[in-house]
Amino acid sequence: MIREVFDAILALAPKQQDKIHRINQLLHHLFKDALREKLIDSDPMLAIYPDDYPAPKHGKYTHINDLPTLSKFMKILPKIHGEPSTIAICQIAPHWFTRPVEIRFLKWANVDFEHNKCSLHKAKVRGQSINAGDLDQRPTDYFMPLSPQVKTILQKLFKITGQKEYVFAGINDNEPISDNTAGRAIRTACKREGFENLSSMHGFRYTGRSFLPGILGIKPRIVEQHMSHSTSVDGQEAAVSSDKYGYDDYLYAPERRAMMEIWSDFLEGVANGKYKELSPEEVQKLFESGKKSEWQQFIEELRTKYIRLASIYQQMSH
């Protein structure tokens, strides 16, 4: 019966493949738990395998991978319209570049302004659903450092939605903002300024993963840890080849705190015009004079700040 329902939905709406995949996975977990607790006598999902309805394969999400485009986008970001939760999540997403579902399900109870961090549940943990009803009873398995810029945004939002459960509350106070609301707000703002959609919410993960090692010199392993990519080889390829056996169990908390601060400074600098494209003649003139451009100086200052902050945070109690 369940298979017939799934097939009928897909026949009428092929674009619902991802939802069917997630429902299939959820039902497998629910009935397996119910059978274990002896709430049912048989599992109706035994005739359906978890991979019978696979998740659709996505190409790369729309993302920014060059500085001129990032400069354009960061100037558009303050012009996004919408409810306070919508504006705030759009402003924070480039700074955090976590999975959109993880940021959407963040609760005020897990925001720690005193220690400048948020506690989260990873969206990709085997046997766990981030919207499971009992998730609050499970220990959080991930933390997000708060840069001063992000902390300011959250503190302003707290005055508006602080009495609600979810930080980025939707129309219904008991639910988070919807999956498409932030993405739609970004696309609309870009179109209003004469650009096609410059980045999706998920696309910020590409941007952070590319720019932090490429421009700011942060070790990829630290960025991967921040992105909550697994390095275990439990049937899966490790995120970082140098740690393919999963021995690196260090959480890189001090380095990640420092990294998120300079990343916010970096985005703020790009938004404020620190980055300027130079003509070949201007580049040659700088080279011959032995002087550094404002951008070069800015990047060097951020790299120095990262090293200093990481050393300080290693000695800080948590």
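Right above here is the structure, for reference.
Residues numbered from 1 in each chain as written. Predicted model: local features only at pLDDT ≥ 70, side-chain atom pairs only at ≥ 80, totals over all residues. Heavy atoms only, no water.

## Notes on the overall build of the protein
Scanning the protein from terminus to terminus reveals twelve helices and three strands. Buried positions account for 42% of the 318 residues belonging to the protein. Nonlocal contacts in the protein, meaning residues at least 24 apart in sequence, comprise 67% of its contacts between residues at least 6 apart. Total accessible area on the protein stands at roughly 18400 Å², and carbon and sulfur atoms take up 53% of it. (Helix = DSSP H or I, 4+ residues; strand = E, 2+ residues; numbered from the N terminus. Buried < 20%, exposed > 50% of the residue type's maximum accessible area, 1.4 Å probe, protein only. Contact = heavy atoms within 4.5 Å. Areas by Shrake-Rupley, 256 points an atom, 1.4 Å probe, with all protein chains shown as cover.)

## What about the pairing of strand 3 (residues 142-145)?
What you see with strand 3 is no split at all: Tyr-142 and Met-144 on one side and Phe-143 and Pro-145 on the other are buried throughout. Of the strand pairs in this sheet, strand 2 (residues 117-120) and strand 3 are connected by four bridges, and their pairing is antiparallel. Residue pairing for strand 3: Ser-119 is matched across the bridge by Phe-143. (Pairing = 2+ DSSP bridges.)

## A look at the sheet that holds strand 3
Reading across the sheet, the three strands line up as 1-2-3 and stay open at both edges, with antiparallel pairing between neighbours. The sheet is open, and its two edges are formed by strand 1 (111-112) and strand 3, each paired on a single side. Bridge analysis of strand 1 against strand 2 gives two bridges, and the strand direction is antiparallel. The partner of Val-111 across the bridge, within strand 2, is Cys-118. Where helix 10 (residues 253-271) meets the sheet, its contacts fall on strand 2 and strand 3, and the angle it forms with strand 3 comes to roughly 40°. (Axes fitted to C-alpha atoms, helices over the stretch in contact; angles between N-to-C directions.)

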